[in-house]
Amino acid sequence: LPEVLPVSIDNLNSLINSKPGSSINTLFSTDAKTVPFEGNVISAVSKYEDRVQTVMIKSTNFNGASLYISKVVMEDGTIKYNGRLMGSFQNGDIYVLQQKEGSLVFTKKNFYDVINE
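Described below are features of the structure shown in this document.

Reading the values: the criteria
- Residues numbered from 1 in each chain as written.
- Predicted model: local features only at pLDDT ≥ 70, side-chain atom pairs only at ≥ 80, totals over all residues.
- Heavy atoms only, no water.
- Helix = DSSP H or I, 4+ residues; strand = E, 2+ residues; numbered from the N terminus.
- Polar contact = N/O pair within 3.5 Å; in protein donor to acceptor, adjacent residues only side chain to side chain.
- Pairing = 2+ DSSP bridges.
- Buried < 20%, exposed > 50% of the residue type's maximum accessible area, 1.4 Å probe, protein only.
- Axes fitted to C-alpha atoms, helices over the stretch in contact; angles between N-to-C directions.
- Contact = heavy atoms within 4.5 Å.
- Phe/Tyr/Trp six-rings, centres within 6.5 Å; stacked < 30°, edge-to-face > 60°.

## Quick notes on the environment of Ser8
Turning to its location among the elements, Ser8 is positioned in the loop between strand 1 (4–7) and helix 1 (9–16). Of note is the side chain of Ser8, whose polar atom sits 3.2 Å from the backbone nitrogen of Asp10.

## Concerning the pairing of strand 7 (residues 94–100)
Sheet topology note: the strand 6 (residues 79–86)/strand 7 ladder contains 3 bridges and is antiparallel. Residue pairing in the sheet places Arg84 in a bridge with Val96 of strand 7. Alignment of strand 7 against strand 8 (residues 103–109), held across 7 bridges, turns out to be antiparallel. Paired with Gln98 across the strands is Val105, a residue of strand 8.

## Quick look at the side chain of Ser70
On the secondary structure map, Ser70 appears in strand 5 (residues 66–73). For Ser70, a relative accessible area of 7% puts it in the buried group. Within the local environment of Ser70, its side chain forms a polar contact with the side chain of Thr54, the two groups lying 3.3 Å apart.

## Quick notes on the sheet that holds strand 1
Either a parallel or an antiparallel arrangement is found when strands of a sheet pair, and the pairing is made through backbone hydrogen bonds. The strand order across the open sheet formed by 8 strands is 1-8-7-6-5-4-3-2, and the pairing between neighbours is antiparallel. On the outer flanks of this sheet lie strand 1 and strand 2 (23–27), each paired with one strand and no other. Neighbour-to-neighbour, the strand axes of this sheet turn through a mean angle of 30°, independent of strand direction. Where helix 1 meets the sheet, its contacts fall on strand 1, strand 2, strand 4 (52–59), strand 5, strand 6, strand 7 and strand 8, and the angle it forms with strand 5 comes to roughly 100°.

## Topic: the packing of aromatic side chains
Overall, the coordinates contain 2 aromatic pairs when judged by the stated rule. Measuring from ring centre to ring centre gives 5.6 Å for Phe28 and Phe37, while their planes differ by 35°; the resulting arrangement is tilted. Its relative accessible area of 2% is what places Phe28 among the buried residues. The class of Phe37 is buried, set by a relative accessible area of 0%. Relative to Phe106, the ring of Phe28 has its centre 5.2 Å away and its plane inclined at 65°; by these criteria the two rings are edge-to-face. Of this pair, Phe28 sits in the loop between strand 2 and strand 3 (36–47) while Phe106 sits in strand 8, placing them 78 residues apart in sequence. Every member of this aromatic cluster is reached through a ring pair, and the members are Phe28, Phe37 and Phe106.

## Points about the side chain of Lys71
Among the secondary structure elements, Lys71 is positioned in strand 5. In this structure Lys71 touches Asn13, Ile16, Arg51, Val52, Gln53, Ile79, Lys80 and Tyr81, once residues within four positions along its chain are discounted.

Interpretation note: all reported values are geometric properties and have no functional meaning in isolation.
Encoded structure:
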């Protein structure tokens, strides 16, 4: 997979609003660098009058991978996203959701930069 995967906020919001047990088949964005992501929603939680929403999806097309996304509406109304796309222990790929130049992207990280021993 590429070092950076562009992410559409609309697609993130669609994923965050998924219900447990539902199947997902999406692209992270319409950019040519994106890849299809398929999986099953394992957990979806909404707290504090939907100010904090979290979803966890287990991939069916990337064996052993998990996607975690969280959306937080701050007191001033701004929205922050947090997320990780973690591969299995066999492949060790980890992507972290980051804001770059006004856009959201998943950036590939070294396993040991993200997970402390």
